[in-house]
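Geometric and topological summary
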Amino acid sequence: MEGGCLCGAVRYRIEEDAPPCYACHCTDCQTHSGSAFALQMPVFASKFSIEGEVLKADSDLPSGQTSTIHACAKCLVRLYAAVSNRPGLFTVRAGTLDDSDRLSPVAHIWVRSKQEWVVLPQDSRMFEEMPSEADWFEILDTANRLQAG
Ligand SMILES: [Zn+2]
Ligand SMILES: [Zn+2]
């Protein structure tokens, strides 16, 4: 899968076919995206490559970790974040994928702070806040994806 910023100066590639993505409705994601929620796709750093000049900015997470967002140096579109306690994983802003119309979130998290007008499909997996580590592992199909290499 490939994606990039608006101006075309930065392009990235994910060496995995359609990794799962989720929607985060937390207020930080609302602020970050300037929108109602963020569509996030965790990908293994080893399967992610990027070309073009990026700017980085750190922000503190409630967990005490630091999230480093990477954005195009020219048009400032945010492309992915790296979190300090998960060095092997990047979180791609899934709306920047070329084929973003193929995406369907496997879960909605921080539903507690979702904007009221956002109505979720009834069969969605929803979490009031952050899912547990075990739920996370299962939702994101991490074990199978790791095994696939
Ligand atoms: Zn750009
Ligand atoms: Zn969030």
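A brief look at the structure comes next. (Residues numbered from 1 in each chain as written. Chains lettered and ligands numbered in written order. Predicted model: local features only at pLDDT ≥ 70, side-chain atom pairs only at ≥ 80, totals over all residues. Heavy atoms only, no water.)

1. As for the coordination of the zinc ion (ligand 2)
Six octahedral donors at a metal ideally form angles of 90 or 180 degrees, and four tetrahedral donors ideally form angles of 109.5 degrees. The following threshold applies: Metal-coordinating donors are taken as N, O and S atoms lying within 2.8 Å of the metal, or within 3.2 Å when the metal is Na, K or Ca; because water is left out, some sites can appear incomplete. Residue exposure (1.4 Å probe, protein chains only): buried if accessible area is under 20% of the type maximum, exposed if over 50%, otherwise partly exposed.
Protein ligation of the zinc ion (ligand 2) involves Cys24 (SG), Cys26 (SG) and Cys29 (SG), the donor distances falling in the range 2.1 to 2.3 Å. Within one chain, the residues donating to the zinc ion (ligand 2) are spaced in sequence as C-x1-C-x2-C. On the accessibility criterion, Cys24 (6% relative accessible area) is buried.

2. Overview of the pattern of salt bridges
Defined as follows: By convention in these notes, a salt bridge is any Lys or Arg side-chain nitrogen within 4 Å of a carboxyl oxygen on Asp or Glu. Going along the chain from the N terminus, every DSSP run of H or I of four or more residues is numbered as a helix, and every run of E of two or more is numbered as a strand.
Enumeration according to the criterion identifies 10 salt bridges in this entry. Taking the shortest distance from any N to any O, the salt bridge between Arg11 and Glu2 comes out at 3.5 Å. The partner of Arg125 in a salt bridge is Glu138, with the nearest N and O atoms 3.0 Å apart. Placement of the pair is Arg125 in the loop between strand 10 (108-109) and helix 2 (133-139) and Glu138 in helix 2, with a sequence separation of 13 residues. Arg125 sits in the partly exposed class, given a relative accessible area of 33%. Look at the salt bridges and you will find they share partners, linking Glu2, Arg11, Arg13, Glu15 and Asp98 into a network.

3. Remarks on the coordination of the zinc ion (ligand 1)
Selection criterion: For a four-donor site, all angles between 85 and 135 degrees give tetrahedral; for four or six donors, opposite pairs above 155 degrees with the remaining angles between 65 and 115 give square planar or octahedral; all remaining cases count as irregular.
Summarising the metal site, the zinc ion (ligand 1) is bound by the protein donors Cys5 (SG), Cys7 (SG), Cys72 (SG) and Cys75 (SG), whose distances to it range over 2.3 to 2.4 Å. Coordination at the zinc ion (ligand 1) is tetrahedral: its four donor atoms span angles of 107 to 113 degrees at the metal. Spacing between the donor residues of the zinc ion (ligand 1) along their common chain follows C-x1-C-x64-C-x2-C. Here Cys5 is found in the loop between strand 1 (2-4) and strand 2 (11-14), whereas its partner Cys72 is found in strand 7 (residues 66-72), with 67 residues between them in sequence. Comparing Cys5 with Cys72, the two get one shared label, buried.

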